[in-house]
Amino acid sequence: MSTWTNWSRLETARPTREATPANADDVVAEVRRALDGGDTVKMVGTGHSFTAISAPEGTMLRPQGLTGIVAVDREALTVTAYAGTPLKELNAALERLGLSLHNMGDIAEQTLAGAISTGTHGTGGTAAGLAAQVVGLELVTGTGELLRATPTENADVLDVARVGLGALGILTTITFRVEPVFVLEAQEHPMSWEEALGTFDEMTEAADHVDMYWFPHTDRMLTKRNTRRGTDLSVARPVPRFRGWLDDEFLQNTAFGVLTAGANRVPRVIPRMNRMAASLLSARTYSDVPHRVFTASRRVVFREMEYAVPRAAGLEVLRQCRKALDASDLRISFPVEIRVAPAEDIPLSTASGRDSFYLAFHTHRDAEHRYYFALMEPILRDHDGRPHWGKVHTRKAADLAPAYPRFGDFLAMRDRLDPQRVFANDYLRRVLGD
């Protein structure tokens, strides 16, 4: 039996059985088999979470047999796809259909099920999280039932299961609200720390989506402002092919990977390296269909912790995090990413019930991440922070429950849909209890 390892190589598991279901009936059969044998079962996705949220302890289901678009409703502007479809494949298929998601994160390797179940989000917009764009889903429950959830059928399940952590069932199809494909213009601009923080609220008010990157040990930021420019695709001005290769492939992946790997062996050079990298930043403006602007290739393997704090406290929390890092002897080569999101009505969304400010901390895969994350996490917790479910954190059910007003609603739905805990693993036992 093969060993499962996640993308960041932080988590491994040795399942006792493996299968690749081709349809919902196959998933039902696997769940019933697990129930009869007192086993557990997990659909593993692409393993792009940094936590062990999808680690299989018993039967491991692979998603490759559940991919592709199932239905397109142009009148309702919805698209239904199999839950094992990688997000990048859905994006390409939607573009061919003249459609697009409203918003997304900057990585598109995840399966649709994995992306919504862990609360994957972008920045800004009217719906930052992918799950907030879900208007229907189908899942196999822990009792072996194939259940359909829409606003008019099992609406209480849809309400909770859009960010389900893999704890409520195995998703087989997901229906997204979509819109006609549009042009998204990106303006990337280097700024000083003070200028970026001083104009952040102004930027988020003026642009549809704002993303910032702070280079530790420097006073430099890279800001990215995305603005919608209508549905006339002829006005798009994509990044020229060579500039795109130079900036996005060579500099951000190849060269960055070599430099950060080398810096792990000589950490004292990192501040100078970051200052040099920040000094080389240049402004650029380009426009394209949304998924080519929102997402980017990330070939350098890293470790990540991300928290959502209340939007109003965000800039102060960022300042406190910088102060703590500056006072430490840590040397961090990866930028800190800053994003914002509107409030959502999903119980376990990190933006549930409040406008949110996201801070994401990264290290190279071969760097020691635990000290860095342990330095930042108490600051984030002290400001009512909520950890991203798919990224490194140390939280447990007892201290997560007070952070989510509807945590009890989720646990009640779990008891209803998976009373035997057929979808449980160590991670879910830690964050949800048992």
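Residues numbered from 1 in each chain as written. Predicted model: local features only at pLDDT ≥ 70, side-chain atom pairs only at ≥ 80, totals over all residues. Heavy atoms only, no water.

Draft legend 1. Focus on the side chain of Ser352. Secondary-structure assignment places Ser352 in the loop between β18 (336-341) and β19 (356-364). The buried category is assigned to Ser352, whose relative accessible area is 8%. At 2.9 Å, the side chain of Ser352 and the backbone oxygen of Ile346 are in polar contact. In this view, Ser352 contacts Glu344, Ile346, Pro347 and Arg386; residues no more than four positions away in its chain are not counted. (Helix = DSSP H or I, 4+ residues; strand = E, 2+ residues; numbered from the N terminus. Buried < 20%, exposed > 50% of the residue type's maximum accessible area, 1.4 Å probe, protein only. Polar contact = N/O pair within 3.5 Å; in protein donor to acceptor, adjacent residues only side chain to side chain. Contact = heavy atoms within 4.5 Å.)

Draft legend 2. Fine view of the environment of Asp201. Mapped onto the elements of the fold, Asp201 is located in helix α5 (residues 193-206). The spatial distance from the C-alpha of Asp201 to the C-alpha of Pro180 is 29 Å, given a sequence separation of 21 residues.

Draft legend 3. Representation of a nonpolar patch on the surface within the structure. Together, Leu259, Met276 and Leu280 make up an exposed nonpolar region whose accessible area comes to about 300 Å². Note that Leu280 resides in the loop between α7 (270-279) and β16 (284-288). Residue class for Leu280 comes out exposed when judged on its relative accessible area of 62%. (Patch = residues over 30% accessible without salt bridge, like charges linked within 9 Å, V, L, I, M, F, W, Y side chains within 5 Å. Areas by Shrake-Rupley, 256 points an atom, 1.4 Å probe, with all protein chains shown as cover. Salt bridge = Lys/Arg side-chain N within 4 Å of Asp/Glu carboxyl O.)

Draft legend 4. Summary view of the sheet that holds strand β3 (residues 17-19). Judged by pairing direction, the sheet is parallel, and its three strands sit side by side in the order β3-β5-β4 without closing on themselves. Edge positions in the open sheet fall to β3 and β4 (41-43), since each of these has one partner strand only. Across the sheet, the mean angle from the axis of one strand to that of its neighbour is 20 degrees, orientation sign disregarded. Sitting on the sheet, helix α1 (residues 24-37) touches β3, β4 and β5 (59-61), and the angle it makes with β3 is about 165 degrees. (Pairing = 2+ DSSP bridges. Axes fitted to C-alpha atoms, helices over the stretch in contact; angles between N-to-C directions.)

Draft legend 5. The arrangement of the packing of helix α9 (residues 314-327) against helix α10 (residues 370-382) in detail. Two elements in contact, α9 and α10, have axes separated by 10 Å at closest approach and are oriented at 145 degrees. Relative to α10, the crossing made by α9 is right-handed. On α10, the residues touching Val317, Gln320, Cys321, Ala324 and Leu325 of α9 are Tyr372, Leu375, Met376, Ile379 and Leu380. Residue composition of the contact of α9 with α10, grouped by class: nine nonpolar, one polar and no charged. (Left-handed = near helix turned anticlockwise from the far one by under 90°. Nonpolar A, V, L, I, M, F, W, Y, C, P; charged D, E, K, R; others polar.)

Draft legend 6. Summary view of the pattern of salt bridges. Scanning the model with the defined rule gives 30 salt bridges in all. One salt-bridge network, held together by shared partners, links Asp159, Arg162, Asp345, Arg406 and Asp409.

Draft legend 7. Looking closely at the pairing of strand β7 (residues 78-82). Of all five residues in β7, four are buried; the element is thus mostly enclosed. Pairing geometry for strand β6 (residues 69-73) and β7, over four bridges, is antiparallel. Bridging from a neighbouring strand, Ala71 pairs with Thr80 of β7. If you look at the hairpin formed by β6 and β7, you'll find four residues sitting between the two strands, and Leu77 has a positive phi there, around 55 degrees. By the bridge criterion, five bridges tie β7 to strand β11 (residues 170-177) in an arrangement that is antiparallel. Across the sheet, residue Thr80 finds its bridge partner in β11, namely Thr175.

Draft legend 8. Local environment of the nonpolar core. Counting 60 residues, the largest nonpolar core has Leu165 and Trp389 as the members making the most contacts within it. Residues in contact with Leu165, not counting those within four places in the same chain, are Lys42, Ile53, Ser117, Leu348, Trp389, Phe410, Leu428, Val431 and Leu432. By size, the runner-up hydrophobic cluster in this structure holds 39 residues, among which are Met305, Val309, Val336 and Val392. (Core = buried A, V, L, I, M, F, W, Y, C linked by side-chain atoms within 4.5 Å.)

Draft legend 9. Focus on empty space enclosed by the protein. All told, the structure shown has two cavities of 30 Å³ or more when counted by the stated rule. By volume, the largest cavity amounts to about 70 Å³. As for the largest cavity, its lining consists of 14 residues, and the residues nearest its centre are Gly119, His121, Gly129, Glu344 and Ser349. Residues of the lining of the largest cavity, tallied by class, amount to seven nonpolar, six polar and one charged. Along its surface, the second largest cavity is lined by Asn91, Leu94, Glu95, Leu99, Ser100, Leu101, Met104, Val181, Val289, Pro290 and His291. If you list the elements that add at least two residues to the lining of the second largest cavity, you get α2 (87-96), β8 (99-100) and α8 (290-294). Its residues assigned to classes, the lining of the second largest cavity shows seven nonpolar, three polar and one charged. (1 Å grid on protein atoms, 1.4 Å probe; cavity = no way out; pocket = protein on both sides within 12 Å on 5 of 7 lines; lining within 4 Å. Points joined across faces, edges and corners; volume = space filled by probe spheres on them.)

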